[in-house]
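For reference, the chains in residue letters:
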Amino acid sequence: MTELHATTDVSSLPRPVWWQKKWIQVPGLILAGAAAVYALIYMDVVLRAKEAYQEAEKYMAWNQNPALKKDYFEKKFADDKAKLDRLLEKKKIKPEEYQEREETLDFDKQFMLNESSLKYAYQWYKDTYELFSPPESKWVRWAREKAPKTLALWKEELRAKNIPFEDYMFE
């Protein structure tokens, strides 16, 4: 048996293909991992930009149709009050706390109904292009285009309500 090993020609053994060599596999694996991490980060930032842009669009729709805004906050108030009612029924909160929370819900609803939809739309557009670029996704480009127009509309709204402002207040 020892004679067989001694006479075996090493050059006749199969050689590993270049991608099967350790000195290629390790850096390749590191590069693939880094590329995957960057791809995930890219996707996350683009999806966040899309979400922020859509939030701005919601506020713009509310500005154009205030009934949508009213319906949204009326429904939110009704849902939150129903949860509060269930807590009171189960005796998880006291009547005084119920009254306090109900007043807070009503205050929040009235506050949001009186707030400027343009203000929120502008801020969401601005956040989209300031916080979620690079990369320069279509959501970022669209937000960058719409923000100045929205700001101009908001300023008109403030002037119509005789609310004083200076340009530095919008930065």
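Residues numbered from 1 in each chain as written. Predicted model: local features only at pLDDT ≥ 70, side-chain atom pairs only at ≥ 80, totals over all residues. Heavy atoms only, no water.

Side note on the side chain of threonine 128
Topologically, threonine 128 is positioned in helix H5 (residues 117-131). Since its relative accessible area comes to 0%, threonine 128 is described here as buried. Those residues in contact with threonine 128 that sit more than four places away from it in its chain are Ala49, Ala52, Tyr53, Ser133, Trp139, Val140 and Ala143. (Helix = DSSP H or I, 4+ residues; strand = E, 2+ residues; numbered from the N terminus. Buried < 20%, exposed > 50% of the residue type's maximum accessible area, 1.4 Å probe, protein only. Contact = heavy atoms within 4.5 Å.)

Focus: helix H2 (residues 22-64)
Counted at 1.5 Å a residue, the expected span for H2 with its 43 residues is 63 Å, and the 63 Å between its end C-alpha atoms agrees. Taken together, the buried positions of H2 are Val45, Val46, Ala49, Ala52, Tyr53, Ala56, Tyr59, Met60 and Trp62. Contacts made by the buried residues of H2 are with helix H3 (66-89), helix H4 (95-114), H5 and helix H6 (138-160). (Expected span 1.5 Å × (residues − 1).)

Notes on the side chain of glutamate 102
Examined against the element boundaries, glutamate 102 turns out to sit in helix H4. For glutamate 102, a relative accessible area of 19% puts it in the buried group. Setting aside its immediate chain neighbours within four residues, glutamate 102 contacts Phe77, Lys81 and Leu84.

Notes on the packing of aromatic side chains
Inspection of the entire model under this criterion finds 13 aromatic pairs. For the ring pair tyrosine 53 and tryptophan 139, a centre distance of 5.7 Å and an interplane angle of 45 degrees mean the geometry is tilted. Taken together, the residues tyrosine 53 in helix H2 and tryptophan 139 in helix H6 connect sequence positions 86 residues apart. For the pair formed by tyrosine 53 and tryptophan 139, the shared burial category is buried. Their ring planes at 75 degrees and their centres at 5.3 Å tell us that phenylalanine 165 and phenylalanine 170 sit as a pair that is edge-to-face. Phenylalanine 170 shares its class with phenylalanine 165; the two are buried. For the cation-ring pair, lysine 58 lies above tyrosine 72, with the distance from its terminal atom to the ring centre recorded as 5.2 Å. Here the guanidinium or amino end of lysine 109 rests over the ring plane of phenylalanine 77, the centre of that ring lying 4.6 Å away. (Phe/Tyr/Trp six-rings, centres within 6.5 Å; stacked < 30°, edge-to-face > 60°. Lys NZ or Arg CZ within 6 Å of the ring centre and 35° of its normal.)

Quick look at the environment of arginine 86
You can see arginine 86 is positioned in helix H3. Sequence separation between arginine 86 and alanine 49 is 37 residues, and the spatial gap between their C-alpha atoms is 37 Å.

Some details on the confidence of the model for the protein chain
Across the protein chain, pLDDT averages 90, with 92% of residues at or above 70. Ranking the elements of the protein chain by mean pLDDT puts helix H1 (residues 2-7) last with 55 and H5 first with 97. (pLDDT = per-residue confidence, 0-100.)

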